[in-house]
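Structural overview for review
The residues making up each chain are set out below.
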Amino acid sequence: MVSRVRVWLNRTYAENVFFMDQLRRNPSDRAVEIHATHGDPDSPVLAAADTAELEPENLSPAGYVEYALDQCARRGIDVFVPRLHQSAIVAHRAEFEAVGTALLAPPPEAVAVFHDKVIAYEAVQAIGVPVPPWYRVRAADELVAAVEELEAGGHKACFKPASGAGGVGFRVITRTPFSLMHLSGFPSPYVPLELVLEGLRQAEEPVDWLVMPRLEQPEVSVDCLTGPDNRVRLAVGRTKNGRRRGFTLHEQWLDPARRIAEGFGLHYLSNIQFRMFGDRPVLMDVNTRPAGGLHQLSLCGVNAPWAAVQLALGEDPGEVVPPFLGQDYTVVSGPRPLRPVSLPHPRPETTDPLPAVPAPPSAEPAGSVGSAAQALPL
């Protein structure tokens, strides 16, 4: 009899309720139990899991590794998909293996390269993958120089943190003075240059920004599954052009993604994003974790989460080829059940969480609902 697989997702995105759904609906018909932890008691991933706990707050990276090792040992975790403190966790892979847990994450060297976008751009440029012009900025005068140089070339300047994820901190520079126009309608990513400069001059510490031209659509996110042997098993591009989404297997996107995934050992699931600079694709960002939209590959007949878990368990799925490309679609939000009662926070003086309450079945009504993005055909 084939044993069940126990998978843990830590402090992950709400969209990964679909990642969890796909693990349970795996084509191997293997029993999967999912453990989830989060800092938000109303995260939908806690309700979707078989068992769930709130994570202790304010742990250092080293303290979090101890907490994670304890979770894996006590919970009998077979595969751990780390998002929070990924860098610290992968540095202790041997210790997780010693308690019987495989990490579904790249080695520390690969994670380190892509933690800092400047290091990442320099590294991928060295292997021949095109990147946009970029400037590292830490002070007001450096920002002005970068913006003026980009504008002289006919580009709109934008900036984002040199390290970060999920588009947090992304802004587009405008020369339009602040006015009621900026206060009407929905909040915009556009911010007047003078306000940014004033904020920099008043800041107590320097910023660490990457300033670059605003890249054009389409945006193509290539989801890759790469083995510990550095060979890519799966590469499919998800296209984004406004509200319209779709899929592509065009080599102008897949070839540079494979070169990055194989060249830097982005083992298991990674997401490599491109946009257009002029008439050619350039690298925008690299995520050393599963993308929030990974489940959308199910529209192509692919269960990428399960193929990754198989690979982590040493059960090589071989080359994963989409049997077809799904039709264009859009993403809408929908309700998901929450836990009827919020979990208590663990005591701050210990990393040993309070006993977890099993999550209710996903079909069971709950007192309130959260939302997660679902893909619908156009």
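Per-chain numbering applies: the sequence of each chain, read as written, is numbered from 1 onward. Since the coordinates come from a predicted model, pLDDT governs what is reported: local features require at least 70, and pairs of side-chain atoms require 80 or more to be given and counted, while whole-chain, interface and lining totals use all residues. To get the side-chain values, take all heavy atoms of the structure and skip hydrogens and water.

Turning to the overall build of the protein chain, a few remarks are in order. Strands here mean DSSP runs of E at least two residues long; helices mean DSSP runs of H or I at least four residues long; both are numbered from the N terminus. Summing up its helical and strand segments, the protein chain has 11 helices and 18 strands in all. Between the two quantities, the radius of gyration covers C-alpha atoms and the globule rule is 2.2 Å times the number of residues to the power 0.38. Against the 2.2 N^0.38 benchmark of 21 Å for 378 residues, the protein chain shows a C-alpha radius of gyration of 22 Å, consistent with a compact globule. By principal-axis analysis of the C-alpha atoms, the protein chain measures approximately 65 × 45 × 40 Å. Out of the 378 residues in the protein chain, the part that is buried amounts to 51%. Think of it in three bands: with a 1.4 Å probe and only protein chains considered, a residue is buried below 20% of the maximum accessible area for its type, exposed above 50%, and partly exposed in between.

With that settled, consider the packing of helix 8 (residues 140-152) against helix 9 (residues 193-202). A fitted line through C-alpha atoms serves as each axis, taken over the contacting stretch for helices, and the angle formed by two N-to-C directions is quoted from 0 to 180°. For the pair helix 8 and helix 9, interaxial distance at closest approach is 9 Å and the crossing angle is 155°. By the angle between their directions, the pair helix 8 and helix 9 is classed as roughly antiparallel. Along the contact surface, helix 8 presents Ala140, Leu143, Val144 and Val147, while helix 9 presents Leu193, Val196, Leu197, Leu200 and Arg201. Any residue that is not Ala, Val, Leu, Ile, Met, Phe, Trp, Tyr, Cys, Pro, Asp, Glu, Lys or Arg is counted as polar, Gly included; the first ten are nonpolar and the last four charged. Of the residues in the contact of helix 8 with helix 9, the class split is eight nonpolar, no polar and one charged. Oblique is the label for any angle not under 35 degrees, not over 145, and not in the 65 to 115 range, which are roughly parallel, roughly antiparallel and roughly perpendicular in turn. Contact criterion: two residues are considered in contact whenever any of their non-hydrogen atoms come within 4.5 Å of each other.

Quick look at the nonpolar core now. For soluble globular proteins, nonpolar side chains are generally found buried alongside one another. Here the nonpolar core consists of buried residues drawn from Ala, Val, Leu, Ile, Met, Phe, Trp, Tyr and Cys, with membership extended through side-chain atoms lying within 4.5 Å. Of all hydrophobic cores here, the largest spans 41 residues; its most connected members are Val7, Leu23, Leu104, Leu234, Leu269, Leu297 and Val309. When sequence neighbours within four positions are dropped, the list of residues in contact with Leu297 reads Asp223, Leu234, Val236, Arg238, Phe247, Val302 and Ala304. Grouped together as the second largest cluster of nonpolar side chains are 35 residues, Ala110, Leu215, Val222 and Leu254 included.

Along the chain, Thr174 turns up in strand 8 (residues 171-174). Those residues in contact with Thr174 that lie beyond four places of it in its chain are His182, Tyr190, Val191, Pro192 and Leu193.

Counting through the fold element by element, Arg280 comes out in strand 15 (residues 280-287). In this structure Arg280 touches Pro130, Val131 and Arg275, once residues within four positions along its chain are discounted.

As a further point, take the pattern of salt bridges. Any Lys or Arg side-chain nitrogen found within 4 Å of a carboxyl oxygen on Asp or Glu counts as a salt bridge. Enumeration according to the criterion identifies 21 salt bridges in this entry. Residues Asp21 and Arg336 are paired through a salt bridge, measuring 3.3 Å at the closest nitrogen-oxygen approach. Of this pair, Asp21 sits in helix 1 (residues 17-24) while Arg336 sits in strand 16 (residues 329-337), and the two are 315 residues apart along the sequence. Asp21 sits in the buried class, given a relative accessible area of 16%. Across the pair Lys117 and Asp285 runs a salt bridge whose closest N-O atoms are separated by 3.9 Å. Taken as a pair, Lys117 in helix 7 (residues 117-126) and Asp285 in strand 15 lie far apart in primary sequence, 168 residues in all. Overall, Lys117 belongs to the buried group, its relative accessible area being 6%. The structure contains a network of salt bridges with shared partners spanning Asp229, Arg231, Arg233 and Asp316.

In this section: the packing of helix 1 against helix 11 (residues 304-312). In the contact formed by helix 1 and helix 11, the axes pass within 8 Å of each other and the chain directions differ by 65°. One way to sum up the angle between helix 1 and helix 11 is to call them roughly perpendicular. In the packing of helix 1 onto helix 11, the handedness of the crossing is right-handed. Every residue of helix 11 that contacts helix 1 at Phe19, Gln22 and Leu23 is listed here: Pro305, Trp306 and Val309. Here the contact of helix 1 with helix 11 is composed, by residue class, of five nonpolar, one polar and no charged. Crossing chirality is assigned from the near helix's rotation relative to the far helix, an anticlockwise turn below a right angle marking it left-handed and a clockwise turn marking it right-handed.

When DSSP finds two or more bridges between a pair of strands, those strands are recorded as paired. One open sheet accounts for five strands, arranged 6-10-7-8-9; its pairing is mixed. For this open sheet the edge positions go to strand 6 (135-137) and strand 9 (190-192), each flanked by a neighbour on one side alone. Across the sheet, the mean angle separating the axes of adjacent strands is 35° when strand polarity is ignored. Pairing of strand 7 (residues 157-161) with strand 8, which is carried by two bridges, proceeds in the antiparallel orientation. Bridging from a neighbouring strand, Phe159 pairs with Arg171 of strand 8. Strands in contact with helix 8 are strand 6, strand 7, strand 8 and strand 10 (209-213); relative to strand 6, the strand with the most contacts, it is inclined by about 155°. The strands touched by helix 9 within the sheet are strand 7, strand 8, strand 9 and strand 10, with strand 9 carrying the most contacts at an inclination of about 70°.

Throughout, disulfides are identified as pairs of cysteine sulfur atoms within 2.5 Å of each other. Tallied over the entire structure, the rule returns zero disulfides. No disulfide involves Cys224; its nearest neighbouring cysteine sulfur is the one of Cys300, lying 14 Å away. Under the relative-accessibility criterion, Cys224 is labelled buried at 0%. A residue is classified by how much of its surface remains accessible, and Cys300, at 0% relative accessible area, is buried.

Turning our eyes to something else, we now look at a nonpolar patch on the surface. Like-charged residues within 9 Å of one another, or nonpolar side chains (Val, Leu, Ile, Met, Phe, Trp, Tyr) within 5 Å, are grouped into patches, provided each residue has over 30% relative accessible area and no salt bridge. Note on areas: Shrake-Rupley with a 1.4 Å probe; residue coverage comes only from the protein chains shown. Nonpolar side chains collect at one region of the surface, where Phe178, Leu180, Leu183 and Leu195 lie side by side and expose about 460 Å² of accessible area between them. Structurally, Leu180 is set in the loop between strand 8 and strand 9.

Attention now goes to helix 6 (residues 108-115). Of all the positions in helix 6, only Ala110, Val111, Val113 and Phe114 are classed as buried. What you see down the axis of helix 6 is that its buried residues fit within an arc of 160°, all on one side. At its buried positions, helix 6 is contacted by helix 4 (86-90), helix 7, helix 10 (251-263) and strand 15. In this description, the arc belongs to the directions extending from the helix axis to the C-beta atoms.

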